[in-house]
Amino acid sequence: MSDFDSVPLEFFQDYPEPGVNFIDVGCIFDTPEYWRLAIDTLHARTEEMHFDFILSMDARGFMIAGALAYEHKVGFAMARKAGKLPGKAISIDYQREYGKATIEIQPERIKGQRVLIVDDVLATGGTIEAAASLLRQLGKEVVGAAALFDIAFFRDKRVLTMPVVTLRDV
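Residues numbered from 1 in each chain as written. Predicted model: local features only at pLDDT ≥ 70, side-chain atom pairs only at ≥ 80, totals over all residues. Heavy atoms only, no water.

*Asks:* With reference to specific residues and values, describe the environment of Phe153.
*Replies:* In this structure, Phe153 sits in the loop between strand 8 (141-150) and strand 9 (164-169). When the C-alpha atoms of Phe153 and Ala123 are compared, they prove to be 8.0 Å apart, with 30 residues separating the residues in sequence. (Helix = DSSP H or I, 4+ residues; strand = E, 2+ residues; numbered from the N terminus.)

*Asks:* How would you summarise the packing of aromatic side chains if you had to cite specific residues and measurements?
*Replies:* When we look at a pair of aromatic rings, we describe it by the centre distance and by the angle of the planes. Inspection of the entire model under this criterion finds four aromatic pairs. Ring geometry for Phe29 against Trp35: centres 5.0 Å apart, planes inclined by 90°, an arrangement best described as edge-to-face. Between the NZ or CZ atom of Lys157 and the centre of the ring of Phe153, over which it lies, the distance is 4.1 Å. (Phe/Tyr/Trp six-rings, centres within 6.5 Å; stacked < 30°, edge-to-face > 60°. Lys NZ or Arg CZ within 6 Å of the ring centre and 35° of its normal.)

*Asks:* Let's hear about helix 4 (residues 126-137): which residues, and what values?
*Replies:* The first and last C-alpha atoms of helix 4 sit 17 Å apart over twelve residues, in line with the 16 Å expected at 1.5 Å per residue. All of the buried residues in helix 4 are Gly126, Thr127, Ile128, Glu129, Ala130, Ala131, Ala132, Leu134 and Leu135. Close packing links the buried residues of helix 4 with strand 3 (53-57), strand 5 (90-96), strand 6 (99-105), strand 7 (114-122) and strand 8. Note on helix 4: the residue one or two positions beyond its end, Gly139, has a positive phi of about 80°. (Expected span 1.5 Å × (residues − 1). Buried < 20%, exposed > 50% of the residue type's maximum accessible area, 1.4 Å probe, protein only. Contact = heavy atoms within 4.5 Å.)

*Asks:* Just give me the short version of the confidence of the model for the protein chain, but keep the residues and values in it.
*Replies:* With 99% of its residues at a pLDDT of 70 or more, the protein chain has an overall mean of 94. At the level of individual helices and strands, the protein chain shows its lowest average pLDDT in strand 2 (residues 21-24), which scores 89, and its highest in strand 3, which scores 98. (pLDDT = per-residue confidence, 0-100.)

*Asks:* Which residues make up the side chain of Thr127, and what values go with them?
*Replies:* Among the secondary structure elements, Thr127 is positioned in helix 4. Overall, Thr127 belongs to the buried group, its relative accessible area being 18%. The residues contacting Thr127, other than those within four sequence positions of it, are Met57, Tyr94, Ile103 and Asp119.

*Asks:* Give me the pairing of strand 6: which residues, what numbers.
*Replies:* Judged from the two bridges that link them, strand 4 (residues 75-81) and strand 6 form a sheet pairing that is antiparallel. Bridge pairing in strand 6 links Arg80 to Glu104. Across seven bridges, strand 5 lies against strand 6 in antiparallel orientation. Paired with Ser91 across the strands is Glu104, a residue of strand 6. Between strand 5 and strand 6, which pair antiparallel one after the other, the connecting turn spans two residues. (Pairing = 2+ DSSP bridges.)

*Asks:* Hey, could you go over the packing of helix 2 (residues 32-46) against helix 3 (residues 60-72) for me, with residue numbers and the actual values?
*Replies:* Look at helix 2 against helix 3: their axes get within 10 Å of each other, and the N-to-C directions meet at 60°. One way to sum up the angle between helix 2 and helix 3 is to call them oblique. For the crossing formed where helix 2 meets helix 3, the hand is right-handed. Residue-level inspection shows Trp35, Arg36, Ile39, Leu42, His43 and Thr46 of helix 2 in contact with helix 3, the latter providing Met63, Ile64, Ala67, Leu68, Glu71 and His72. Broken down by class, the residue content of the contact of helix 2 with helix 3 amounts to seven nonpolar, three polar and two charged. (Axes fitted to C-alpha atoms, helices over the stretch in contact; angles between N-to-C directions. Parallel < 35°, antiparallel > 145°, perpendicular 65-115°, else oblique. Left-handed = near helix turned anticlockwise from the far one by under 90°. Nonpolar A, V, L, I, M, F, W, Y, C, P; charged D, E, K, R; others polar.)

*Asks:* Hey, could you go over the sheet that holds strand 7 for me, with residue numbers and the actual values?
*Replies:* Read from one edge to the other, the open sheet built from seven strands follows the order 5-6-4-3-7-8-9, with strand pairing classed as mixed. Only two strands of the sheet have a single neighbouring strand rather than two, namely strand 5 and strand 9. Direction aside, neighbouring strands of the sheet carry axes that sit 25° apart on average.

*Asks:* Please provide a residue-by-residue account of the nonpolar core, values included.
*Replies:* General note: in soluble globular proteins, nonpolar side chains tend to be found buried as a group. Core analysis: the largest hydrophobic core is formed by 31 residues, its most contacted members being Ile54, Leu116 and Phe149. Broken down by secondary-structure element, the contributors of at least two residues to this core are helix 1 (26-29), helix 2, helix 3, strand 7, strand 8 and strand 9. The leading source of residues in this core is helix 3, at five residues. Ala101, Ile105, Ile128 and Ala131 belong to the second largest nonpolar core, which has 25 residues in total. (Core = buried A, V, L, I, M, F, W, Y, C linked by side-chain atoms within 4.5 Å.)

What follows is the structure, given as structure tokens:
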């Protein structure tokens, strides 16, 4: 058990759709001790992944990736929902735990070659795999992914093409 296992979580039943038990990671961001613990622990657990850039997932992943990029002294770019990025973007449709979605990235923003994908929660892995597919289209190497929480219910149902670091199973 790590110190991060003791961080209290907030769940919202039937959000954003009926049947979904949503983890609100805002309770990590609004408490400085938990926020520092999350970033310090994630930084330590990704240290040996040898990446030179981070791709962050919309939207809570932005905060995690920004802090993690700062700690690792690398840049980061945002993967966003369709229509949210200006300029040239490439997109992909994918399946997530409660329906279909589309993400896009701006190719010119991906400055590194060895990329770590960062999100808040790992569920089916669909979002991370979609992002990895876009990065690979650009000739980038996806060295892994990182998230605060891993929804254990989905673990046996997902197929991931990269190593993933998470801090806590829920």
